[in-house]
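# Remarks on the overall topology
Chain by chain, the residues:
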Amino acid sequence: METKSSVKVVGPQDGTLGFLGSIGVRWMIDGDETAGRGFSLVEHPMSPRALAAPLHRHTREDEYSYVLEGRMGALLGDEVAFAEQGDLVFKPRDQWHTFWNAGDEPCRILEIIAPAGFEDFFRELDGLGGALNADPQDLAELNDRYGLEMQPESVPGLLERFELVIGERL
């Protein structure tokens, strides 16, 4: 079977931008563009000391975070990890985790999601006004549709433990 392909160059100002409530998102490659190869790619810009999300776990996807700039912190199960520019952090499905900007300057990461499809969760969350503005029932239904489990009650403890804030749009 022959696959049609064309060159796609995504420049630093290309892609659609959104805001998820504490971090940004820039859609770069959607799953339907990977011709069934099963991944998507987004960028997450994070303001200083911004927590990305409550503790959560994906039941369908693995995530790989590549640090473009800044310093990323991650809680993976009970283990805390820090990643600098050029580092890659693997966040496997079915593991409780979260991540954040661990520095006082902006941080940007590329998020590879496999298999593809979860990039649409980010679109829908952005459409709801981000996690902080979304109706709790709408957010619960969104999580269910995408096989995501979330612990919103973890946010105050994460903010305190890692000296974080709810981020701003960059």
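To start, this report covers the structure provided alongside it. What you see is a predicted model; the values in this text were computed from it and never measured.

Turning our attention to the overall build of the chain. Along the chain, the regular secondary structure elements total three helices and 13 strands. Computed over the C-alpha atoms, the radius of gyration of the chain is 15 Å, within 12% of the 15 Å expected from 2.2 N^0.38 for a compact globule of 170 residues. Taking the principal axes of the C-alpha coordinates as reference, the chain spans close to 55 × 35 × 30 Å. In the chain, buried positions account for 45% of the 170 residues. In the chain, 69% of the contacts between residues at least 6 apart in sequence involve partners at least 24 apart. Charged side chains in the chain number 15 positive and 31 negative. The centres of these two groups are separated by 4 Å.

Here the focus is the layout of surface pockets. Its volume calculated, the largest pocket comes out at about 430 Å³. Along the wall of the largest pocket there are 26 residues; nearest its centre are A52, A53, P54, A131 and M150. Secondary structure elements with two or more residues in the lining of the largest pocket: β5 (55-58), α1 (119-127) and β12 (148-151). Looking at the lining of the largest pocket, the element that brings in the most residues is α1, giving three residues. Of the residues in the lining of the largest pocket, the class split is 19 nonpolar, five polar and two charged.

A few words now on the environment of E111. The topology assignment puts E111 in strand β11 (residues 107-114). Looking at E111, the relative accessible area reads 0%, which means it is buried. C-alpha of E111 to C-alpha of W27: the two residues are 84 residues apart in sequence and 9.9 Å apart in space. Not counting residues up to four positions away in its chain, the partners in contact with E111 are S40, L41, V42, H44, E63, Y64, S65, K91 and F99. Within the structure, E111 has its side chain in polar contact with the side chain of S65 (distance 2.3 Å).

Moving on, we get to the side chain of S65. Among the structural elements, S65 can be located in strand β6 (residues 62-69). Within the structure, the side chain of S65 is placed 2.9 Å from the side chain of K91, a separation counted as a polar contact. The contact partners of S65, leaving out residues within four places of it in the chain, are M72, D87, L88, V89, K91, I109, L110 and E111.

Cut-offs and rules
- Residues numbered from 1 in each chain as written.
- Predicted model: local features only at pLDDT ≥ 70, side-chain atom pairs only at ≥ 80, totals over all residues.
- Heavy atoms only, no water.
- Helix = DSSP H or I, 4+ residues; strand = E, 2+ residues; numbered from the N terminus.
- Rg over C-alpha atoms; globule rule 2.2 N^0.38 Å.
- Buried < 20%, exposed > 50% of the residue type's maximum accessible area, 1.4 Å probe, protein only.
- Contact = heavy atoms within 4.5 Å.
- Lys, Arg positive; Asp, Glu negative; His and termini not counted.
- Charge placed at Lys NZ, Arg CZ, Asp CG, Glu CD.
- 1 Å grid on protein atoms, 1.4 Å probe; cavity = no way out; pocket = protein on both sides within 12 Å on 5 of 7 lines; lining within 4 Å.
- Points joined across faces, edges and corners; volume = space filled by probe spheres on them.
- Nonpolar A, V, L, I, M, F, W, Y, C, P; charged D, E, K, R; others polar.
- Polar contact = N/O pair within 3.5 Å; in protein donor to acceptor, adjacent residues only side chain to side chain.

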